[in-house]
Amino acid sequence: MSAAKVKMRGKKMRNQPSSVQYVESGTQNGGGGDEGPSSIHPSTKRQTNTHQRGGWVRGHQKDGGGYSREMPNYITAGAFARARAEEVSTMLKAVTKTTGSCHVFGALPKHMRRRAMSHNTKRLPCRLREVANRMRERSLQAGPKKKKEQAKRKSRKARRRHGNLLLEFNRRQRKNIWLETHIWHAKRFHMVKKWGYCLGNKPTYKCYRSCHRAMSGHCLLQDLSYYCCIELRGEEEKLLASLSQLTGKETGPTFAAALCLSGRRQGSVVVYRAGQYPTQPLGPVTFLWRPRSQELTNRQLWIWAHPTIKQDLLLELQMVCQCCDPVVPPVVTPAEVFPTLQLEPKPEKTSDAKQITETKRKRKCKDASGPPAKKILGDGTRSPSTPVTWNSSSNRIVISDLTMEIVRYRLIGPQSFSVLAETMEAATVCNEINISKPSHLWWPEQCKSESKMNLHQQQTHVFHILKGIFSTGELPSGTVLGLTVDDPRLTLPTKKVKALPCVRPAQEMDEKRRELMLQGVPELCCQSDLWEQSVRSNVADNKTSEQELNRMRNEVLVPGSRLSPTPPQGRVPILLVQQPGKQVGNEMSSWGAGWDLLLPKGWGMAFWVPLVYRGVRIGGLNMSLKHSQNKGAPHFPHDYPDCPAGVRFQEEQEAELLAKFKRRPPAKRTNYIKHGCLAPFCCPWQQLSEECELITTEGEEERRGECQSTTEADTVMEEMTSYGEIAETKPLSRVVVLRNRKSLRLLSGWCRATTSKGQKSCRVGELPPLDRSAMTVFLTAHRMSLVWVRLSVLCKGKPELHAMVCVPTAEDLNLLKKKCGSSGPQEPPHRDHFKSSVRRRKKEPKKAAQSSWCSDNIQGKESVFSTEPNPTTSVVLNSSSSDIILGLWPDPLPSITSNCSRVTLGWVTQGDFSLSAGCGEALGFVSVTALLKTLFNQPMEHRGVLLLRNPTSLHYRFAKINIEV
């Protein structure tokens, strides 16, 4: 048939029931077609003449138009009656169906519809007059509709005015919190909405390698103000007793560490739910104690946490500190915070003047003398009535939420302090005239105290000594320095300059600089007025405006010189906290070290722009991930699968990757079933841990019956393949990440730690040998645990996200022994059992699918799958074609460990080519049980050699495992 005939036939068949079928092709087109609506029995079908036309044709035809003229011998009464009933119901539906309009005129045929009928209902048929009269009365009672007056859009010049722009920005901060550097980032970065904030993800320009060079040789700047600060105040003994319930001593220093408790160091710890160590962790936090002083009776503690764990941490702190009494904040009227806007009143109507309808309205305050709208500083999404402080009547502990009250910048790189030294200058002392006068500013009052001025001079001296230190990593980790500096905008250069270190010759190094490098900053110099809420508020409310600074710049004789005199409100208290960088492993010690700069809110941009003008690079969220990857440290929440925030992140990441996978057609995307990849978008840690524990239990029972020796990973392979039937018998339990430092050191020594590419072995202290008894004792204490590992590719190859960590066989190790540069073995292609089943179901008719499948197709499918025993057989028969995504395994997943030719130990959570190590590196988790079994069966020369395989590849790569402690 031609295209026109096909189109007309489709138009005719549009409203026909599914039982009505016409012959589409005759013998001329290659054979007969389907039966007609009479449900003719197949045995009565006769062959037509070869010259007879087939298919549907329009109009009268000489030879009958291709329709069969012979009557069937018999018909089936039930099928015939059902077909006729469907035709009758379709005709009735077409007759009674009205158009999309709700008027009664839609029920009339098209040739009878007239516009005049809407005014005179007597023109309508009698059966429709009553309904039309009711609709007319209803419309008259409703009255004329008032047309909504659409306000005229303002011009761009009007919208960009400061007042209108400020109101618009304040409105947009109601849902997501903006950092103080948001506008600066929005012009240069790709912004993302995460964790309730608008954050910069990555720059719009190419700067990956330049940012890595900045971290390695100069300085990279990041805004970490989205981290939440929780303040605790109370007696030291009661605070330590409460916080001890949230930590474990086996993981490292806690809140009670001596150096951290004195206020000289910043500490870090993994926080757990109260009394649940080593299970149910919340996530990592950093903490800072306020140094002791004679004026203070209670201690003060700041805990910095990621925004994803803030609420859980607050609940746990309130429970252990018994702070359940919220302090109601003072009632603040909305006009004091954000002036209410109203429309300008309309002018009164005059008889002699023409009435002009104003579509463009001006917004103004209720009170003409009222204060203008202010810029939001802090959390704009929080209601003014929301409590941020909780008291305890029993132990007098106070918990305060200081989120967005303190600005935190991170400078990464060896020249971080050189950038800070050129950007900031120690605060100048006020003259006698300003000191003698009473002032509402905080700094003139500070200058009246001789002890505080002596402390300021000592801090200034330490600040100048630190300028002579070449690298930030030379100082003790977590060193704290308090200081008061002048407004950095006073010394802003006219153009960008790169800050360079000021290093004196080695012979001029004095004892004080050596003392700082060995012992750190004295406890007295760690004091800062930033701890005081009154000082922070005073500094934020009395900041020098840009207008005043521009006036001072115009009066300067030499452009670019320092603005003087320093305004009384131009002093800011700050805290400098040293970040240690890489602390684990034997390579690249202190890589990524830097300084954190803590400021009061409102001063973010006043310090950000001067720092940028000192030649630093700016990084976003992606550079934070790369920074953690180069350090070999887990990044939160990406690499914390046992934390609630890590589980949520994995679910969101899986949904995002799956949506991206579905957007591509099946022919243009990877078939992960053929690659033998069960979970390309997530890591089923729970199932992996359960399988490995079951395998260990079975292996122990078999060894009790008979002892037999095996080599390499053959034993592991045999045990892994027997998992299929008993995978569902084990009750579910939580995944635990091994963080016990003593156990990690023992496991690291058994892995035979080496350098990044495995060329050189690292020195390890005396350790007990890895025998069966030591392995049994270790597994008894750490069953169902995962361990954080670093994998370095021995040859070429770049690991990717969710790459599989597998066990090499004896043949693989022999290949590596014969040829050191061998890239690795190949995984044989797998068969996709789901593709054929989906195709079969698509070919079946919609109505006859159930009967045909029950009679013929299920039997044929069972015979096909019975030839190859595979765990997918039951999944294929139980899963519907709508639930199956081509190229992906449906749930539930079969055995993870034995799905491929090599046993799976774990997965990669971070993988890329490392510019620092010069080879492909991967970070991830492996099962402790499977790793110990693999190490025990491997020879000493190849101990710790594993295989890596990306989800989109069949090629295995040799890699060396390292557990860095």
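What counts and what doesn't
- Residues numbered from 1 in each chain as written.
- Predicted model: local features only at pLDDT ≥ 70, side-chain atom pairs only at ≥ 80, totals over all residues.
- Heavy atoms only, no water.
- Helix = DSSP H or I, 4+ residues; strand = E, 2+ residues; numbered from the N terminus.
- Buried < 20%, exposed > 50% of the residue type's maximum accessible area, 1.4 Å probe, protein only.
- Contact = heavy atoms within 4.5 Å.
- Core = buried A, V, L, I, M, F, W, Y, C linked by side-chain atoms within 4.5 Å.
- Polar contact = N/O pair within 3.5 Å; in protein donor to acceptor, adjacent residues only side chain to side chain.
- Axes fitted to C-alpha atoms, helices over the stretch in contact; angles between N-to-C directions.
- Parallel < 35°, antiparallel > 145°, perpendicular 65-115°, else oblique.
- Nonpolar A, V, L, I, M, F, W, Y, C, P; charged D, E, K, R; others polar.
- Salt bridge = Lys/Arg side-chain N within 4 Å of Asp/Glu carboxyl O.
- Pairing = 2+ DSSP bridges.
- 1 Å grid on protein atoms, 1.4 Å probe; cavity = no way out; pocket = protein on both sides within 12 Å on 5 of 7 lines; lining within 4 Å.
- Points joined across faces, edges and corners; volume = space filled by probe spheres on them.
- Patch = residues over 30% accessible without salt bridge, like charges linked within 9 Å, V, L, I, M, F, W, Y side chains within 5 Å.
- Areas by Shrake-Rupley, 256 points an atom, 1.4 Å probe, with all protein chains shown as cover.
- Lys, Arg positive; Asp, Glu negative; His and termini not counted.
- Charge placed at Lys NZ, Arg CZ, Asp CG, Glu CD.
- Expected span 1.5 Å × (residues − 1).

Peer 1: Help me understand the environment of Gly482, please; the structure alone is not making it clear to me.
Peer 2: Checked against the element boundaries, Gly482 lands in strand S15 (residues 480-486). Taking relative accessible area as the criterion, Gly482 reaches 0% and is therefore assigned buried. The spatial distance from the C-alpha of Gly482 to the C-alpha of Leu530 is 8.5 Å, given a sequence separation of 48 residues. Those residues in contact with Gly482, other than ones at most four positions away along the chain, are Gln459, Cys525, Cys526, Gln527, Ser528, Ile574 and Leu575.

Peer 1: What am I meant to see in unusual backbone geometry here?
Peer 2: Of all residues except glycine, most have a negative phi; of all peptide bonds, most are trans. A cis amide bond links Ser564 with the next residue in sequence, Pro565, at an omega value of -5°. Note on placement: Pro565 falls in the loop between helix H18 (546-555) and strand S16 (571-579). Of note, the bond from Phe636 into Pro637 is cis; its omega dihedral lies within 30 degrees of zero at 0°. Inspection of the secondary structure puts Pro637 in the loop between helix H20 (621-631) and helix H21 (644-662). Residues other than glycine seldom take positive phi values, yet Gln280 does so here, at roughly 55°. Note on placement: Gln280 falls in the loop between strand S6 (267-272) and strand S7 (281-289). A positive phi angle, close to 65°, is found at His802, a residue other than glycine. Along the polypeptide, His802 turns up in the loop between strand S20 (785-793) and strand S21 (804-806). With a relative accessible area of 3%, His802 lands in the buried category.

Peer 1: Whenever I open this one, the nonpolar core confuses me. Can you help?
Peer 2: Proteins that are soluble and globular tend to have nonpolar side chains buried together. Judged by nonpolar contacts, the single largest core of 67 residues is most densely connected at Leu747, Val787, Leu791, Leu931 and Leu932. Tallying contributions element by element places S20 first for this core, with six residues. Judged by nonpolar contacts, the second largest core, of 60 residues, contains Trp302, Val462, Cys526 and Leu576.

Peer 1: Would you take a moment to explain the side chain of Arg949 for this structure?
Peer 2: With respect to the element layout, Arg949 can be found in strand S24 (residues 945-949). A polar side-chain atom of Arg949 sits 2.7 Å from the main-chain carbonyl oxygen of His675. Sequence-distant contacts of Arg949, defined by excluding residues within four places in its chain, comprise His675, Gly676, Ala803, Met804, Glu827, Cys900, Leu954, His955 and Tyr956.

Peer 1: Quick question: what am I supposed to make of the packing of helix H25 (residues 772-781) against helix H30 (residues 928-937) here?
Peer 2: Relative to each other, H25 and H30 sit at 175°, their axes nearing to 11 Å. Between H25 and H30, the crossing angle belongs to the class labelled roughly antiparallel. Residues Arg772, Met775, Phe778 and Leu779 of H25 form the contact with H30, whose own contacting residues are Val928, Thr929, Leu932, Lys933 and Phe936. A per-class count over the contact of H25 with H30 returns six nonpolar, one polar and two charged.

Peer 1: Would you mind showing me how to read the pattern of salt bridges here?
Peer 2: Pairing is possible between side chains that carry opposite charge, provided their charged atoms lie close to one another. Taken as a whole, this structure holds 28 salt bridges when the rule is applied. Residue Arg84 pairs with Glu87 through a salt bridge whose shortest N-O separation is 2.8 Å. Taken together, the residues span about one helical turn, with Arg84 and Glu87 both in helix H2 (residues 77-96) at a distance of three residues. Owing to a relative accessible area of 23%, Glu87 belongs among the partly exposed residues under this scheme. In this structure, Arg551 engages Glu555 in a salt bridge whose closest nitrogen and oxygen atoms are separated by 2.7 Å. Linking Arg551 with Glu555, this pair stays in helix H18, spanning four residues, or about one helical turn. A relative accessible area of 38% places Arg551 in the partly exposed class.

Peer 1: It is not clear to me how the environment of Thr909 should be interpreted in this structure. Could you clarify?
Peer 2: Looking at the secondary structure, you find Thr909 in strand S22 (residues 904-914). A relative accessible area of 16% places Thr909 in the buried class. On a C-alpha basis, the gap between Thr909 and Pro634 in space is 9.2 Å, while along the polypeptide they are 275 residues apart. With near-sequence residues (within four places) excluded, Thr909 lies in contact with Asp639, Trp685, Trp788, Leu801, Leu923, Gly924 and Phe925. Polar contacts involving the side chain of Thr909 include one to the side chain of Asp639, which spans 2.8 Å.

Peer 1: What should I look at first to understand the pairing of strand S4 (residues 220-223) in this one?
Peer 2: Two faces make up the sheet, and in a regular strand the side chains alternate between them. Burial along S4 is two-sided: the face carrying Leu220 and Gln222 and the face carrying Leu221 and Asp223 are both buried. Alignment of S4 against strand S14 (residues 406-412), held across four bridges, turns out to be antiparallel. Bridging from a neighbouring strand, Asp223 pairs with Tyr409 of S14. Looking at chain direction, S4 and strand S18 (residues 617-618) are connected through two bridges and run parallel. Paired with Leu221 across the bridge in S18 is Ile618.

Peer 1: Any chance you could explain empty space enclosed by the protein here in plain terms?
Peer 2: The rolling of a water-molecule-sized probe over the atoms marks out the regions of remaining empty space. Under the criterion given, the structure shown has nine cavities of 30 Å³ or more. Empty space within the largest cavity amounts to approximately 150 Å³. Lining of the largest cavity is provided by 16 residues; of these, Leu179, His185, Leu199, Gly200 and Asp223 occupy positions nearest its centre. Sorting the residues of the lining of the largest cavity by element identifies helix H6 (182-186), strand S3 (197-203), S4 and H20 as the ones contributing at least two each. No other element matches S3, which puts three residues into the lining of the largest cavity. Class assignment for the residues of the lining of the largest cavity results in seven nonpolar, eight polar and one charged.

Peer 1: Quick question: what am I supposed to make of a negative patch on the surface here?
Peer 2: Negative charge collects at one region of the surface, where Glu651, Glu652, Glu654, Glu656 and Asp891 lie side by side. Under the relative-accessibility criterion, Glu652 is labelled exposed at 55%.

Peer 1: Explain helix H15 (residues 450-466) here, please?
Peer 2: In an α-helix, one turn spans 3.6 residues, which is why side chains three or four residues apart end up on the same side. With 17 residues, H15 ought to run about 24 Å at 1.5 Å a step, and its terminal C-alpha atoms sit 25 Å apart, in line with that. Looking at H15, one finds that the buried residues are Met453, Leu455, His456, Gln459, Thr460, Val462, Phe463, Ile465 and Leu466.

Peer 1: Just to check I follow, could you spell out the sheet that holds strand S1 (residues 177-178) for this structure?
Peer 2: Strand-to-strand pairing in sheets goes through backbone hydrogen bonds, with the strands running parallel or antiparallel. Spatial ordering of the open sheet is given by S1-S3-S2, a layout of three strands whose pairing is mixed. Since the sheet does not close on itself, it has two edges, and those belong to S1 and strand S2 (189-194), each with one partner. With two bridges connecting them, S1 and S3 associate as parallel partners. Residue pairing across strands places Trp178 opposite Cys198, the latter belonging to S3. In this fold H20 packs onto S2 and S3, with an angle of close to 70° to the strand it touches most, S3.

Peer 1: Quick question: what am I supposed to make of a positive patch on the surface here?
Peer 2: Positive charge collects at one region of the surface, where Arg153, Arg156, Arg159, Arg160, Lys187, Arg188, Arg209, Arg213, Lys496 and Arg617 lie side by side. If you list the elements that add at least two residues to the positive patch, you get helix H4 (156-159) and helix H7 (208-217). Residue position: Arg159 is located in helix H4.

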